[in-house]
Amino acid sequence: MTILLKGGEVVDPAQDLKKKADVLLEKGRVAKLGRIAAQEGWRVVNVSGMYVMPGLIDMHVHLREPGQEYKETIETGSRAAVAGGFTSIACMPNTEPVNDCEAITRYILEKARQANLVNIHPVGAITKGLNGKELAEIGEMVRTGAVAISDDGKPVQNNQIMRRAMEYSRIFDVPVLDHCEDCDLAAHGVMNEGTISTEVGLRGMHAVAEELQVVRDIMLSRLTGTRVHICHISCEEALNAVREAKAKGLRVTCEVAPHHFMLTDENVRTYNPDYRMNPPLRTGRDVEAMISGLADGSIDCIATDHAPHARIDKDLTFEDAANGVIGLETSVPLVWEHLVRKEVISVSRMVELMSLNPSRILGLDRGTLKVGSVADVTVIDPEKEITVDASQFESKARNCPFDGWQLRGAPVLTIVKGRVVWNRLS
Amino acid sequence: MPLSGKNLLGIAGLPVSDIRLILNSARSFREISARAIKKVPTLRGRTVINLFYEPSTRTRSSFEIAAKRLSADSLNFSASSSSVSKGETLIDTALNLQSMRPDIIIIRHKAAGAPHLLAKHCGDCAVINAGDGMHEHPTQALLDALTIEDKKGRLEGLKVSIIGDITHSRVARSNALLLKKMGADVWICGPPTLIPIDFEQYGGTVTYDMLEALSGADVVMMLRTQLERQQEVFYPSVKEYFSLYGLNRKKLSAAKKDVIVMHPGPINRGVEIDPEIADGDLSVILEQVTNGVAVRMAILYLLLGASEEGSK
C-alpha cells in the first residue's frame, strides 16, 4: 500500500530538515518528500498539526522471552513498543536461557517475525550465561542478527574479561553496551546511597559504584579502540566522565532513561517498589545534570530500560521487590511534556536522541526519512492530552511509576516498513 | 485524647504533642505493673496480634505483657511457625489477618517500610512498628525518653551520646529523631564505617572520637554490636573495636558525674560495654525494660482510644 502523509511538519535532523512537507511511502521505502498531490489508490493520511519523524528507536528493552513469559512476551512487548511510537527496539540478553548463542538469537528473531509489528534487534550476551567469565559466541550471534553485546544487569566485573570482550568485538564492529556497576561497591544496595537512604533505612548503593565502572570502560575503550555505549547513565559524575572522554575523541556514547531525568530518590520515601530499579533513582542534582546532558549533547540517546515485572515480583516490601520499571508506553509523552514543551530540547534534538543516534550506534541504517530509506515513521500529536493509565497498557506489566500523570504530546501513528502498525489518529 | 494518627509507624511522623501524651500516659500505666494484681479491664474484648518476622525476646514479651495487663486478647504470630515460612507474602498475611478483625497488629520485620506496607493493606486495624529493618523502632525511643526524663527531669538541653553501629541501627534513628524533637543535644559516635551518609540530618553532631562524645555527657546510649557483621570489614576485630568504642569505667569518667548509661539490649558483654558498667550504679538498662511495658500499654490504649473516636 502506498501511503501519503499529508500536511505534517517533517523533522529529520539527518538531512537537517524541519519543515512542512508531505511524505510518500511506497514499497516499504520513503519515496518522496515535499508537496505531493494525492493520486488514485493511495491511502492519504492527514497529519496537519502533527510532527512526522523517522521511526523512534528504543535501544534498551527487556522482552523477557524466552523464559519469563509471565512478565512480558515478544508479542506484548512489540505491541507496547508500537503503541509508544517505537518502530525499532533492541532487546537485552538476560532471558532464560540467556541470549548467548546463535540458537537463542534465532528464536528471538523468529518470535519477532511472528509478532510482526516492530523491528526487533537482539543484543547478545558478552559472556556465557552472563557468568562474567567465558566469552559467548559473539560472532555467531552477530551473523544471525545481534546488533550489539551486553551483560546488562550482571555487568562484567573482571577487567581482563572486559578487555578481551572489547578487543574481540572489534572483528564485527558491534558496540559493547555496559550496565555500569561495581558490584562489590554497590553491595546489594536497593536504592541510591545518600541522605534519603539514611533516612528511610534502606541499603544504599553509592553513585561511585556506577562512576567507577564508567571510568573503567572509558579506559578500556581507549586501550582497545572499541565503541563503548554506557547504558542508563544516572549520575552527574559518570556523565562528566563521558563528557571528558568525548572531548578527547574517544568512541564513547551513553543513554539515559526517562525515570532518571524525571524522578529522584525522594520518591523512595513512599517505599513503593515501582520506584525501585537499577541504577537507582538518584538525587535532584543528578537529575539536573541529566537534563543538561540531554540539552548540551553529551547524552546521545533516550532509552527506556523497559523492564516488565508481574505484580507478584513487585507486591512485596521495597527490599524484596524486583528491580525495574516499564517505559515503552510513557517515554514519548514524558519527553514531549517535560523536555520539548519546556524547551529543554528542540524537536530535532529529540529525534536525534530517540532515532538517529540509536540507529547510528547500533548500525541500523535507519533514523532518517531520506528518500530511499526504510519507511519507519512515527507521527506525534503535540497537543494530545493523556492521563497515564497503566491498567490500559499493551505491555503485560504494570510497574510504572508514572501512573496517573497527565501529559501532553503523544504518538498517534506508527508505521513500520511502510505498514501502519498503530493508529490513534482521530 | 487519642493520638493524632491511626498507626505508630515511626518517630518521624509523630508530633511532639503525641510524644508528650504517650510519656505522660505511660507514667500512669506504670503504676499498674507495680500492683499485686497487674491487670485492668481497659482493653477487654480487644484483639492484639504480635506479628514478628524477626527473632525478639524483649520487645515481643513486652508488647504481650502490655496487652495482657490491659486485658486485651493477644496472639503471637512468628515467622518460623506460620505460613510465612511457606512463602506467603506480607500483603497476603495482612489480608488474612485483617479478615480476623484484630484491633492492632504489632509488626517487626527485617525490611524497612514493612509496617507501612502492612498499614496500607489491613483496613481499619492499627499498626505499630516494633522495628523495621534499619529504619525505625519508635517504641524503643519512647521508652528511652521516659527513662531519661525520669532520671533527669527533662530532655531539653541534655547531652545524649549514641555510640556504636549507627548504620544498622533503627534504635539510633528513632532516638535521634525523638531527642532532636524534644530539644536534646544529640551526639553520634562510632567508626566511620558504621555511620551512614548525612546522619547529621537528624540534627546531631557526628564524631569518631569517643572521648569527645562522652565528655560532659548526661546520657550515654550504647548500641548493640552486631557480631554477625564482622565479616563485612567494618572493623578489624572485636578487640580493637572495644578498645576504640567500648564503654569502660575509665572512658566514662569523661562524662558528667551523674551520667546514666543505657542500652537497648541484648548486651554483648565485653564487646561494646564492660560488664562492670552494665551492672553498675550508673546503668539504667533494666529500668528501660520496665518502662518498655508501660510505654507500650500507653500506646495500645491511646491507639485504640483513637479508633474508638474515629468510629463515632
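Residues numbered from 1 in each chain as written. Chains lettered and ligands numbered in written order. Predicted model: local features only at pLDDT ≥ 70, side-chain atom pairs only at ≥ 80, totals over all residues. Heavy atoms only, no water.

Trainee: For this particular structure, what's the right way to read the overall build of chain A?
Mentor: Assigned secondary structure in chain A consists of 13 helices and 20 strands. The C-alpha atoms of chain A give 20 Å as radius of gyration, which agrees with the globular expectation for 426 residues (22 Å, within 12%). In chain A, which comprises 426 residues, the proportion classed as buried is 64%. Taking contacts inside chain A between residues at least 6 apart in sequence as the whole, the part at least 24 apart equals 75%. (Helix = DSSP H or I, 4+ residues; strand = E, 2+ residues; numbered from the N terminus. Rg over C-alpha atoms; globule rule 2.2 N^0.38 Å. Buried < 20%, exposed > 50% of the residue type's maximum accessible area, 1.4 Å probe, protein only. Contact = heavy atoms within 4.5 Å.)

Trainee: Mind showing me how you'd approach the nonpolar core here?
Mentor: For soluble globular proteins, the rule of thumb is that nonpolar side chains tend to be buried together. A:Ile233 and A:Met350 are the most contacted members of the largest nonpolar core, which totals 95 residues. Ranked by residue count, the leading element in this core is helix α12 (residues 331-340) of chain A, at 6 residues. There are two domains that each give this core at least three residues, and those are domain 1 (3-51 + 373-423) and domain 2 (55-362) of chain A. Excluding residues within four positions of it along the chain, A:Met350 makes contact with A:Met53, A:Leu56, A:Val332, A:Val335, A:Trp336, A:Val340, A:Ile345 and A:Ile380. Membership of the second largest hydrophobic core comes to 65 residues, among which are B:Val48, B:Leu146, B:Ala176 and B:Leu302. (Core = buried A, V, L, I, M, F, W, Y, C linked by side-chain atoms within 4.5 Å. Domains from an automatic or database assignment.)

Trainee: What is the right way to read the pattern of salt bridges from this model?
Mentor: A side chain of one charge can pair with a side chain of the opposite charge when the charged atoms of the two come close. Under the counting rule described, the total for this entry stands at 42 salt bridges over all chains. Residue A:Arg285 pairs with A:Glu236 through a salt bridge whose shortest N-O separation is 2.7 Å. Of this pair, A:Arg285 sits in helix α10 (residues 284-296) while A:Glu236 sits in helix α8 (residues 236-247), and the two are 49 residues apart along the sequence. A:Arg349 is paired through a salt bridge with A:Glu352; the nearest N and O atoms lie 3.2 Å apart. Here the residue A:Arg349 and the residue A:Glu352 both occupy positions in helix α13 (residues 347-362), the gap between them amounting to 3 residues, near one helical turn. The network of salt bridges with shared partners includes B:Arg20, B:Arg27, B:Arg30, B:Glu149 and B:Asp150. (Salt bridge = Lys/Arg side-chain N within 4 Å of Asp/Glu carboxyl O.)

Trainee: Sorry if this is basic, but what is going on with empty space enclosed by the protein here?
Mentor: In this approach the atoms are scanned with a rolling probe the size of a water molecule, which exposes any empty space left behind. Residues and elements named next belong to chain A. Within this structure, the stated rule accounts for 5 cavities of 30 Å³ or more. Taken as a whole, the largest cavity spans an internal volume of roughly 50 Å³. Looking at the lining of the largest cavity residue by residue, the class counts come to 7 nonpolar, 4 polar and 1 charged. As for the second largest cavity, its lining consists of His179, Cys180, Glu181, Met205, His206, Ala209, Glu210, Asn278, Pro279 and Arg282. Grouping the amino acids of the lining of the second largest cavity by side-chain chemistry returns 4 nonpolar, 3 polar and 3 charged. (1 Å grid on protein atoms, 1.4 Å probe; cavity = no way out; pocket = protein on both sides within 12 Å on 5 of 7 lines; lining within 4 Å. Points joined across faces, edges and corners; volume = space filled by probe spheres on them. Nonpolar A, V, L, I, M, F, W, Y, C, P; charged D, E, K, R; others polar.)

Trainee: Is there a simple way to explain the sheet that holds strand β8 (residues 219-222) of chain B in this structure?
Mentor: The strands making up a sheet associate through hydrogen bonds between their backbones, and the pairing can be parallel or antiparallel. Residue and element names in this part refer to chain B. As summarised here, the arrangement of the 5 strands in space is β7-β6-β5-β8-β9, forming an open sheet in which the pairing is parallel. Edge strands, defined here as strands with exactly one partner in the open sheet, are β7 (205-207) and β9 (260-262). In this sheet, adjacent strand axes meet at a mean angle of 20 degrees when their direction is disregarded. Lying over the sheet, helix α5 (residues 138-152) contacts β8 and β9, oriented at roughly 170 degrees with respect to β9. Its contacts with the sheet place helix α6 (residues 170-181) against β5 (159-163), β6 (185-189) and β8, and it is angled at close to 170 degrees to β5. (Pairing = 2+ DSSP bridges. Axes fitted to C-alpha atoms, helices over the stretch in contact; angles between N-to-C directions.)

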